[in-house]
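# Structure assessment
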Amino acid sequence: MTQVRINIDGHALDVPAGISVAAAIAQSQRPFRRSVSGHMRAPFCGMGICFECRVQIDGIAQQRSCMVSVRDGMQVVTDG
Ligand code: FES
């Protein structure tokens, strides 16, 4: 299986090509985001509806990580 290397919060991670960014973050065991009250949030629906999986991807904030596939060299920043 082809692997790609992404970067999550400064940590390089090799993951299978074609998986979602949400799956890659889950594999890394990094947190996703915090609510306005500071509570940790994580993906709920996995299909772009709940917006609980938002992270910064390649400098663009508030991206739904369950709706974006990993690309080699991708830079992901969570609220972790
Ligand atoms: S997990 Fe619900 S929008 Fe991504």
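Attention here is on the structure that accompanies the text.

Criteria and cut-off values
Residues numbered from 1 in each chain as written. Predicted model: local features only at pLDDT ≥ 70, side-chain atom pairs only at ≥ 80, totals over all residues. Heavy atoms only, no water. Pairing = 2+ DSSP bridges. Helix = DSSP H or I, 4+ residues; strand = E, 2+ residues; numbered from the N terminus. Axes fitted to C-alpha atoms, helices over the stretch in contact; angles between N-to-C directions. Buried < 20%, exposed > 50% of the residue type's maximum accessible area, 1.4 Å probe, protein only. Polar contact = N/O pair within 3.5 Å; in protein donor to acceptor, adjacent residues only side chain to side chain. Contact = heavy atoms within 4.5 Å.

### With respect to the sheet that holds strand β6 (residues 60–64)
Hydrogen bonds between backbone groups are what pair the strands of a sheet, and the pairing can be parallel or antiparallel. Strand order in the open sheet formed by five strands is β2-β1-β7-β5-β6, and the pairing between neighbours is mixed. In this open sheet, the two edge strands, each paired with only one partner strand, are β2 (11–16) and β6. Within the sheet, the average angular offset between the axes of one strand and its neighbour, ignoring direction, is 40 degrees. Two strands pair when backbone bridges link them, and strand β1 (residues 3–8) and β2 are joined in this way by six bridges, in the antiparallel orientation. Within β2, the residue paired with I8 across the bridge is H11.

### Digging into the side chain of R33
Turning to its location among the elements, R33 is positioned in strand β3 (residues 33–34). Using a relative accessible area of 12% as the deciding quantity, one classes R33 as buried. Separated by 2.8 Å, the side chains of R33 and E52 make a polar contact. Setting aside residues no more than four positions away along its own chain, R33 makes contact with H39, M40, R41, F51, E52, R54 and D79.

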